[in-house]
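# Analysis of the macromolecular model
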Amino acid sequence: MTPFRKHTGLVVPLDRVNVDTDQIIPKQFLKLLTREGYGKFLFYDWRYLEGRKPNPDFILNQPRYKGASILLARANFGCGSSREHAPWAVLDYGFRSIIAPSYADIFYNNCFKNGILPVTLPEEQVDELFRRAAEKEGYTLTVDLDSQTVTDESGLRFTFEIDSFRKECLLNGWDDIGLTLRFEDQIANYERRYPSQARQYGPLESR
Amino acid sequence: MPPLNMYDKIWASHVVAEEPGRPALIYIDRHLIHEITSPQAFAGLRSAGRKVRRPDLTFAVMDHSVPTKNRNLPLVDQVAAAQFEALERNCREAGILLFNMHDPNQGIVHIIGPDLGITQPGLTIVCGDSHTSTHGAFGALAFGIGTAEVEHVLATQCLWQFRSKTLLILLNGRRRRGVTAKDLILATIGKIGVGGATGHVIEYAGEAIRDLSMEGRMTVCNMSIEAGGRAGMVAPDDTTFAYLEGRPFVPRGKEFQEAVERWKAVASDPGAHFDDVVEIDAAQIAPQVTWGTNPGMVADVTGAVPDPATFSDSEMRHSAERALQYMGLEPGTRIQDISIDRVFIGSCTNARLEDLRLAASVLDGRKVAKTVKQALVVPGSERIKAQAEAEGLDRIFKAAGFEWRDAGCSMCIGMNDDVLPSGERCASTSNRNFEGRQGKGGRTHLVSPMMAAAAAIEGHFVDIRQWNVDHAE
């Protein structure tokens, strides 16, 4: 996993609450065998009109937001389906960080597995960022994980909370399977003390 | 020792390793996998040279994109076919039991787990699917995970987990006739909101929950995720034990009796603490119909589409305006004046035998309205399909004008050919009315199986309480 330390980038404001993962990546793109290549399908049904024509009204298609790498969003971002294709699409499109007042649990967790930093800020601070992003063309923010700050060029400085373990993993880009395998003795002990079995006692249907 | 709630107990008995200030490593008793969220996990294992640690605790099924008819013909969707082949190969190599689309035990992952007795009280159960919360109906801790975590469980049979907060939802009183588990959960989500349980594991209790069958409890727990809940649970009781007895993966005889004693101890202790409590009077709940683009946008069948202008919160107003535009609805329209184009009875929310019986009890001797273009019933598993056929339910559905299909996720997610066309309106027993969920531009109204069946007959929503139907409850 790519570590996340500090990122400066163009901000795109997506002013919708409860954005679900069906919108982030619709179901027709879940049939691939890879983790890459989903960026072109991000927000597909909002981004494109009939015949794959870009929808000029959708914020990501506006020229001033081309190349954005920080997604400013509203409450309960990423609700619904657990599909990790959603953060894969967010990352593949070019976003490194999301800023929102809240996230759905599974999506939030999935971001950390993919080197995306989901920053949580209070509603009023997110409102302020929405104001600034609308006002100033080319509005950029710097998200610094180490100091847990979001800053802009005109002196704005917000601090955010993040769990220390998640922070450490993201700063170092750790593969958590590798981390867990260091606990092999504990896992084996647990299996000896509490053997989990899924025995079959009766017949299954057969043709 | 202070009284513990069910979540605390299951958590405590599954901690493998724990250090202060860190998530705990917890052991996973059952891992369910399907074709959509597992191929990348197996590819990850392969590239790192890792093996599946407990293939014996892992169960696989094809459900999301399987066709629901003509399964013996070659697959047209070659992209889906490659995923099915990958699942076959991955399970064969790892020694995982797979129910492929031709297996008589095949079905939706959250239907077959309980139906085969793989799901049991006190267990930790995960699956790369958000509706894994369904299994909590048995007093298991069951939750959806992403593909990175699927890979992690395959490799280690464990997960790093932060402790969730707990939310007790008490559904007091008795539900009225014609009001089902689906209405209870839709009304609950309408009350607490689609983010109302975020960060929490829900325990459902109260008279209206105790009165539900296992099928009904599964419907309730299934939609916990639609309120943002990490998981949803119901304490195991005699209803649970009676459901489990005799199923293929459930112990028998003396072993069963011993298991029941263990399972009884899983329930929350009297006086156990919860971080939050919500109380709802089930007797006041009417049949529910969603009008918007998330499950919290819901109204009583006797009500009307709300006017967003009356919403005090600006984000909610904005979001309701967008929803009405997408749904092609005007504020103030009576729910019962909304006409429908299609009906879908199915999904991990409402495709169990009881759901089919309830829908059939409404349809018996009646015909689907001429204005309805398609009425589809997709049993949750091939076993359920066979049981329904043994009871003659298929004949009732077919006589009414429904198509009787093979088991799968079908039009809940529209990953196979069962897609809701753009601009069309569907009365659906599924769990999500998100934009495009059943098909791009499709308009979904979530309802119970009886309400879906009645809407099929009248061509618009009707209050099932006005109908004199026998019900199988």
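The following paragraphs examine the structure supplied in this document.

Conventions adopted
- Counting from 1, residues in each chain are numbered in the order their sequence is written.
- Numbering of ligands from 1 and lettering of chains from A proceed in the order in which they are written.
- In view of the model being predicted, local features appear only for residues whose pLDDT reaches at least 70, and side-chain atom pairs are presented and counted only at 80 or more, with totals across whole chains, interfaces and linings using the full set of residues.
- Side-chain numbers here rest on the full set of heavy atoms in the structure, without hydrogens or water.
- Each helix corresponds to a stretch of at least 4 residues labelled H or I by DSSP, and each strand to a stretch of at least 2 residues labelled E; elements are numbered beginning at the N terminus.
- Throughout, the radius of gyration refers to the C-alpha atoms, and the reference size of a globule is 2.2 Å times the residue count to the power 0.38.
- Buried, partly exposed and exposed residues are distinguished by accessible area as a fraction of the type maximum, computed with a 1.4 Å probe on protein chains only: under 20%, between the cut-offs, and over 50%, respectively.
- Two residues qualify as a contact provided that any one of their heavy atoms is within 4.5 Å of a heavy atom in the partner residue.
- A 1.4 Å probe and the Shrake-Rupley method give the accessible areas. Residues count as covered only by the protein chains that appear here.
- In this tally Asp and Glu are treated as negative and Lys and Arg as positive; neither His nor the chain ends contributes.
- To locate a charge, the coordinates of NZ of Lys, CZ of Arg, CG of Asp or CD of Glu are taken.
- Between any two strands, pairing holds if DSSP finds at least two bridges.
- Between the N-to-C directions of two axes lies an angle of 0 to 180 degrees, each axis being a line fitted to C-alpha atoms and, for a helix, fitted only over the stretch in contact.
- Stacked, tilted and edge-to-face pairs are distinguished by plane angle, under 30 degrees for stacked and over 60 for edge-to-face with tilted covering the rest, among Phe, Tyr and Trp rings (Trp via its six-membered ring) whose centres lie within 6.5 Å.
- In this analysis the charged atom, NZ for Lys or CZ for Arg, is taken to sit over a ring once it is within 6 Å of the ring centre and within 35 degrees of the ring normal.
- Grouping buried Ala, Val, Leu, Ile, Met, Phe, Trp, Tyr and Cys residues that are joined through side-chain atoms within 4.5 Å yields what is termed a nonpolar core.
- Buried area: the sum, over both parts, of the accessible surface (1.4 Å probe) that disappears when the two are put together.
- Any Lys or Arg side-chain nitrogen found within 4 Å of a carboxyl oxygen on Asp or Glu counts as a salt bridge.
- Residues adjacent in sequence count toward polar contacts only when both atoms are side-chain atoms; beyond that, a polar contact is any pair of N or O atoms within 3.5 Å, and within protein one must be able to donate a hydrogen and the other to accept it.
- Convention used here: angles under 35 degrees read as roughly parallel, angles over 145 as roughly antiparallel, angles from 65 to 115 as roughly perpendicular, and any remaining angle as oblique.
- The sense of a crossing depends on the near helix, which, turned anticlockwise from the far helix by less than a right angle, makes the crossing left-handed and, turned clockwise, makes it right-handed.
- We call Asp, Glu, Lys and Arg charged. Ala, Val, Leu, Ile, Met, Phe, Trp, Tyr, Cys and Pro are nonpolar, and the rest, Gly among them, are polar.

A few words now on the overall build of chain B. A tally of regular secondary structure across chain B gives 15 helices and 19 strands. Its C-alpha atoms give chain B a radius of gyration of 21 Å, within 12% of the compact-globule value 23 Å for 473 residues. Along the first, second and third principal axes, the C-alpha atoms of chain B reach 55 × 55 × 45 Å. Counting across all 473 residues of chain B, residues that qualify as buried make up 69%. Restricting to contacts in chain B with at least 6 residues of sequence separation, those with at least 24 account for 76%. Looking at chain B as shown, the accessible area adds up to about 15400 Å², and 48% of this sits on carbon and sulfur atoms. Within chain B, one finds 49 positive and 58 negative side-chain charges whose respective centroids are separated by 2 Å.

Moving on, we come to the sheet that holds strand 4 (residues 58-61) of chain B. Residue and element names in this part refer to chain B. Read from one edge to the other, the open sheet built from five strands follows the order 5-4-3-6-7, with strand pairing classed as parallel. A single partner strand is all that each edge strand has here, and the edge strands are strand 5 (97-99) and strand 7 (141-144). Across the sheet, the axes of successive neighbouring strands diverge by a mean angle of 20°, strand direction being ignored. Where strand 3 (residues 30-34) and strand 4 come together, four bridges link them in parallel fashion. Paired with I33 across the bridge in strand 4 is A60.

So, on to the packing of aromatic side chains. For the structure shown, the criterion picks out 23 aromatic pairs over all chains. A centroid spacing of 5.4 Å and a plane angle of 75° characterise the contact between F77 of chain A and F107 of chain A, whose relative ring orientation is edge-to-face. One end of the pair, F77 of chain A, is in the loop between strand 4 (70-72) and helix 3 (85-93); the other, F107 of chain A, is in helix 4 (residues 105-112), with 30 residues separating them in the sequence. Each member of the pair, F77 of chain A together with F107 of chain A, is buried. Between Y7 of chain B and W11 of chain B the ring centres are 5.9 Å apart and the planes differ by 50°, which places this aromatic pair in the tilted class. Within this pair, Y7 of chain B and its partner W11 of chain B are both found in helix 1 (residues 6-12), separated by four residues, close to a single helical turn. Residue Y7 of chain B shares its accessibility class with W11 of chain B, and that shared class is buried. Clustering of aromatic rings is evident, with ring pairs tying together F29, F41, Y44 and Y48 of chain A. The lysine or arginine in question, R74 of chain A, covers the ring of F130 of chain A, its NZ or CZ lying 3.8 Å from the ring centre. Directly above the aromatic system of W46 of chain A lies the positively charged group of R322 of chain B, at a separation of 5.5 Å from the ring centroid.

Glancing now at the nonpolar core. F43 and F77 of chain A together with F397 and F402 of chain B are the most contacted members of the largest nonpolar core, which has 119 residues in total. Sort the elements by how many residues they give to this core and helix 15 (residues 449-458) of chain B lands first, with eight residues. Those residues in contact with F77 of chain A, other than ones at most four positions away along the chain, are L14, V19, I24, F43, L71, I98, S102, Y103, A104 and F107 of chain A. Core analysis: the next-biggest nonpolar cluster, separate from the first, contains 40 residues, A181, L186, A208 and M214 of chain B among them.

Of the residues lining the interface, 87 residues belong to chain B; the matching set on chain A comes to 64 residues. Summed over both sides, the interface between chain B and chain A buries roughly 6200 Å², with carbon and sulfur atoms accounting for 54% of that surface. Taken together, the connections running from chain B to chain A amount to eleven salt bridges. One can count 41 residue pairs in polar contact (both at pLDDT 80 or more) joining chain B with chain A. Element by element, the count of residues in the side of chain B that touches chain A is highest for helix 5 (residues 147-156) of chain B, at seven residues.

Attention now goes to the side chain of T188 of chain B. Residue and element names in this part refer to chain B. Here T188 shows up in helix 6 (residues 181-192). Note on T188: relative accessible area 2%, which makes it buried. In this view, T188 contacts I169, L171 and I280; residues no more than four positions away in its chain are not counted.

Another point: the packing of helix 6 of chain B against helix 8 (residues 214-222) of chain B. Residue and element names in this part refer to chain B. Contact geometry for helix 6 and helix 8: axes closest at 8 Å, N-to-C directions at 25°. Classified by the interaxial angle, the pair formed by helix 6 and helix 8 is roughly parallel. The two elements helix 6 and helix 8 meet at a crossing, and its hand is right-handed. Counted together, A181, K182 and I185 of helix 6 and G216, T219 and V220 of helix 8 form the full contact between these two elements. Residues that form the contact of helix 6 with helix 8 fall into these classes: three nonpolar, two polar and one charged.

All names here are of chain B. Taken across its ten residues, helix 15 has nine buried, putting it largely inside the fold. Every buried residue of helix 15 is accounted for by P449, M450, M451, A452, A453, A454, A455, A456 and I457. Along its buried surface, helix 15 packs onto strand 13 (288-290), strand 15 (342-345), helix 12 (353-363) and strand 18 (425-428).

Next up on the list: the sheet that holds strand 16 (residues 374-377) of chain B. Residue and element names in this part refer to chain B. In spatial order, the strands read 17-16-15-18-19; together these five strands make up an open sheet with parallel pairing. Two strands bound the open sheet, and with one partner strand each, they are strand 17 (403-404) and strand 19 (443-446). As paired strands, strand 18 and strand 19 are joined by four bridges and run parallel to one another. When the sheet's bridge partners are listed, R425 is paired in strand 19 with R443. Contacts between helix 11 (residues 314-327) and the sheet are confined to strand 18 and strand 19, with strand 19 contributing the most and set at about 110° to the helix.

All names here are of chain B. Mapped onto the fold, S347 is located in the loop between strand 15 and helix 12. What makes S347 buried here is its relative accessible area of 1%. Reaching out from S347, the side chain makes a polar contact with the backbone nitrogen of T349 at a distance of 3.0 Å. Not counting the four nearest positions on each side in its chain, S347 is found in contact with I108, I111, C412, T429, S430 and N431.

One pass over the structure, following the stated rule, counts 43 salt bridges over all chains. A salt bridge links D115 of chain B to R383 of chain B; the nearest nitrogen and oxygen atoms lie 2.9 Å apart. With D115 of chain B in helix 4 (residues 109-115) and R383 of chain B in helix 13 (residues 382-390), this pair connects stretches of sequence that are 268 residues apart. This pair shows no difference in class: D115 of chain B is buried, exactly as R383 of chain B is. Counted as one network, the salt bridges with shared partners bring together E184 and E191 of chain A together with R53, R54 and D56 of chain B.

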